[in-house]
Amino acid sequence: MTAYLLRRTAFLVVSLLLAAVVLFLLLRLLPGDPANSLLSVGATPEQIEAARHQIGTDRPLPEQFVSWLGRLATFDLGESFVSTLPVGPEIAARLVVTVPLTLLSFVLAVVVAVPVGFVAAHKANTWYGSVLSGVSQLGIAVPVFWVGMLLVTVFSLSLRVLPAGGFPQDDWADPAKALTSLTLPVVTIALVMSASLIRYVRSATLDVLGSDYLRTSRALGSSFARAMWRHGLRNAVVPVISILGIELASTFLGAVVVESVFALPGLGGMLVKGLAQHDYPVIQGILFVSTLVVLVIGFAADLVQRLIDPRLRHSLARDVR
Amino acid sequence: MSVEQALVGAPDGEGPKAATRHVSRSVTLTIGCVLVGVIVLVAVVSLFWLPFAPEDTSGGRLMPPGAPHLLGTDKLGRDLLTQLMIGARIALAAGAGSVVLGGAIGIVAGLAAGFATRWLDDVVSALLDILIAFPTLLLAMLVAATQAASLTSAIVAIGLAMSAIVARLTRVLVKRVLAHDFITAARTSGTSWPRVVLEHVVPNIWPTVSVNLALQFGLAVLAEASLSYLGLGAPPPNASWGRMLQEAQASVFIAPVGVIAPGVLIVVLVIGVNLVADGFRDVADPTRRRRR
């Protein structure tokens with residue numbers, strides 16, 4: 001386990017470094033001059049040169065990269081080209097919205113998807129089993145922002161029970177108010193996310209229901225509930241956890257679009273603005289933090305899976321990933 | 001359930017109660033084909049005939065459905081039906097373009113990684129893992145934002161992001177095929193590597209890869225809609241369903257059709273493609289058919 005932990009951590013660090021390189025190069029190799037965002041139309045060549053010098057894009061690429069990486073090592077994400085404010089604290093301030101949004105949506109989606117997926121599998125050949133599968137089929141085909149728009153129309157504009165968007169200025173000073181403004185975004189993400197989760201839970205359950213060990217346990221006299229609890233659940237939960245890791249990561253990033261539907265001051269809004277202004281430090285910073293989060297979630301999901309499943313722990317699987 | 005199944009999309013039931021599913025399979029495929037067919041038909045018709053010129057704003061703003069504007073007009077006075085028909089073209093182009101690009105790059109890279117030596121394979125798969133850690137939408141936003149946003153930039157972005165997923169799937173499948181005895185047999189009987197790839201590897205991985213590409217088509221349509229909703233897709237006057245939704249959002253009460261219709265069409269297309277993929281899985285993969 002220790003050897004695995006070391007190898008997995010090494011992989012995490014190397015991935016992060018590589019991600020930094022890819023991110024940096026991708027942004028610079030693609031067309032578009034960030035200096036333009038500082039200038040008005042018809043700027044003279046001298047002005048453009050001055051702007052480039054000001055933000056440091058006139059220096060050689062390796063030099064820019066080393067200086068970015070050096071500051072990154074001290075958790076300094078640099079300053080915005082446009083506002084000249086440090087990126088790190090701004091991201092931290094935005095996470096106050098994005099992280100609760102992600103976690104609440106995730107929890108709600110899991111709470112909905114696990115029982116529904118189980119029932120959809122257990123009752124696969126009844127009419128409501130089919131209906132549940134059909135609904136989840138529908139859910140994975142719906143654009144998440146459209147669900148948000150429809151919910152706003154019904155609950156904010158027609159029924160006027162929930163705010164259509166925005167977030168309290170003083171963040172979580174008044175938790176009830178903050179939660180109210182997160183309700184619709186959370187429901188939006190959770191609805192769409194639980195649809196795909198249901199499919200995974202359903203298929204994991206179907207695998208277990210068809211397994212020999214469950215049949216044997218039943219034949220030896222266990223009740224269905226007891227056989228499921230002792231043998232089924234532990235087996236079904238392993239594949240679901242790896243999917244949960246992926247889903248949690250994609251919720252975090254899917255929040256980008258949903259935040260823009262509900263005008264939430266989260267990471268997504270910051271990224272969209274940064275992209276529009278070619279504000280490289282902002283884009284780099286957000287994508288780096290996002291990648292970090294995604295990689296750490298993957299790391300955690302792998303570890304939890306090993307803790308739950310002794311087969312993974314004891315096997316000599318050389319495949320770190 | 002393994003990672004590759006996760007990439008293929010949630011596998012559907014092969015449990016003990018799947019006895020009746022074979023019948024429902026062909027139904028699935030038929031419904032899927034009809035849904036996709038409707039959208040394709042609309043797109044094809046839009047190439048030859050449109051109810052109004054795309055830029056014709058003479059109908060008055062936000063008109064309700066009725067003659068002569070069957071679905072009403074948008075906030076600039078453009079005919080909604082016309083815009084929706086053009087949107088079908090763009091959605092299909094986005095899906096097809098991304099799948100062709102992502103599929104081509106992904107399959108070639110995946111084949112290469114699958115055949116590569118241990119060391120090179122480790123490097124390539126680590127890179128793929130990192131690329132996959134950037135989710136499609138963010139990668140797409142990055143590419144779309146550094147260029148002037150256009151349909152092409154959206155397709156390139158979605159296609160590139162998709163290629164990492166396709167490559168990883170292909171790599172796993174190639175590894176699995178190469179472990180079989182028939183590959184060793186083919187090699188010892190003197191078949192060259194290129195012929196092994198063409199005659200043994202590709203036919204064996206194609207069923208799974210093509211089903212995955214179909215699912216990716218649906219995801220690409222959704223991604224393009226999200227990008228154009230955020231203003232990072234095809235610029236005006238091209239009517240993308242995502243941008244139509246964004247534009248109609250403010251006038252949902254005056255002109256609800258503008259908010260409902262593009263969304264419904266996206267759902268129809270994506271469900272259709274997913275159903276086709278589900279149904280095709282059995283047709284394309286004889287080993288799955290036999291198991292039943």
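Given the structure is predicted, the values throughout are model-derived calculations rather than measurements. (Residues numbered from 1 in each chain as written. Chains lettered and ligands numbered in written order. Predicted model: local features only at pLDDT ≥ 70, side-chain atom pairs only at ≥ 80, totals over all residues.)

## Structural notes on the overall build of chain A
In step 1: For chain A, the helix and strand inventory stands at twelve helices and zero strands.
In step 2: Shown N-terminal to C-terminal, the secondary structure of chain A runs as helices and strands in the order α-α-α-α-α-α-α-α-α-α-α-α.
In step 3: With respect to the three principal axes, the spread of C-alpha positions in chain A is 85 × 60 × 35 Å.
In step 4: Looking at the 321 residues of chain A, the share that counts as buried comes to 39%.
In step 5: Once local pairs closer than 6 in sequence are excluded, the contacts in chain A between residues at least 24 apart make up 71%. (Helix = DSSP H or I, 4+ residues; strand = E, 2+ residues; numbered from the N terminus. Buried ≥ 20, exposed ≤ 12 C-beta atoms within 10 Å, placed from the backbone. Contact = placed C-beta atoms within 7 Å.)

## Quick look at the UniProt feature "domain: ABC transmembrane type-1" (unreviewed entry) in chain A
In step 1: Under the UniProt annotation, "domain: ABC transmembrane type-1" (unreviewed entry) lies at residues 95–305 of chain A.
In step 2: End C-alpha atoms of residues 95–305 of chain A are separated by 27 Å, and the span's content is 82% helix alongside 0% strand. (UniProt positions renumbered as here; feature names shortened; annotations may be inferred.)

## Overview of helix α1 (residues 2–29) of chain A
In step 1: Between its terminal C-alpha atoms α1 of chain A stretches 40 Å, which fits the 40 Å expected from 28 residues at 1.5 Å a residue.
In step 2: Among all positions in α1 of chain A, only S15, A19, A20 and L23 of chain A are buried. (Expected span 1.5 Å × (residues − 1).)

## As for the UniProt feature "transmembrane region" (unreviewed entry) in chain B
Residue and element names in this part refer to chain B.
In step 1: Here, the residues flagged by UniProt with the feature "transmembrane region" (unreviewed entry) are residues 27–50, 90–116, 123–145, 151–170, 213–232 and 252–280.
In step 2: In this annotation, residues 27–50 is assigned 92% helix and 0% strand; the end-to-end C-alpha distance for the span is 32 Å.
In step 3: Measuring from the first to the last C-alpha atom of residues 252–280 gives 38 Å, for a span that is 86% helix and 0% strand.

## As for the packing of helix α10 (residues 267–276) of chain A against helix α11 (residues 280–308) of chain A
All names here are of chain A.
In step 1: Interaxial distance between α10 and α11 falls to 8 Å at its minimum, and their mutual angle equals 145°. Both α10 and α11 take part in a crossing whose hand is left-handed. Contacts between α10 and α11 involve L267, M270, L271, G274 and L275 from the former and V282, I283 and I286 from the latter.
In step 2: Considered class by class, the residues forming the contact of α10 with α11 number seven nonpolar, one polar and no charged. (Axes fitted to C-alpha atoms, helices over the stretch in contact; angles between N-to-C directions. Left-handed = near helix turned anticlockwise from the far one by under 90°. Nonpolar A, V, L, I, M, F, W, Y, C, P; charged D, E, K, R; others polar.)

## Some words on the UniProt feature "transmembrane region" (unreviewed entry) in chain A
In step 1: The UniProt entry lists residues 91–119, 140–162, 182–201, 236–262 and 282–304 of chain A under the feature "transmembrane region" (unreviewed entry), expressed in the numbering used here.
In step 2: A distance of 36 Å separates the end C-alpha atoms of residues 236–262 of chain A, which is 96% helix and 0% strand.

## Some points on the packing of helix α3 (residues 80–115) of chain B against helix α6 (residues 151–178) of chain B
All names here are of chain B.
In step 1: At a minimum axis separation of 5 Å, α3 and α6 run at an interaxial angle of 35°. For the element pair α3 and α6, the recorded crossing hand is right-handed.
In step 2: In the contact of α3 with α6, the residues fall into 22 nonpolar, ten polar and three charged.

## Some thoughts on the environment of A51 of chain A
Residues and elements named next belong to chain A.
In step 1: As for its position among the elements, A51 is in helix α2 (residues 45–55).
In step 2: Residue class for A51 comes out buried when judged on the 20 C-beta atoms lying within 10 Å of it.
In step 3: Considering only alpha carbons, one finds A51 and A35, 16 residues apart in sequence, at a separation of 5.6 Å.

## Looking at helix α7 (residues 181–188) of chain B
In step 1: Within α7 of chain B, only zero of the eight residues are buried, leaving the element largely exposed.
In step 2: Two residues or fewer after α7 of chain B comes G190 of chain B, characterised by a positive phi angle close to 95°.

## Some points on the confidence of the model for chain B
Residues and elements named next belong to chain B.
In step 1: The predicted model of chain B averages 79 in pLDDT, with 84% of residues at 70 or higher.
In step 2: Per-element mean pLDDT across chain B ranges from 41 in helix α1 (residues 3–8) up to 91 in α3.
In step 3: Below pLDDT 50 for its whole length, residues 1–21 participates in 45 contacts with residues either more than four positions away or in separate chains.
In step 4: The ipTM value of the predicted complex is 0.81, and its pTM value is 0.83. (pLDDT = per-residue confidence, 0-100.)

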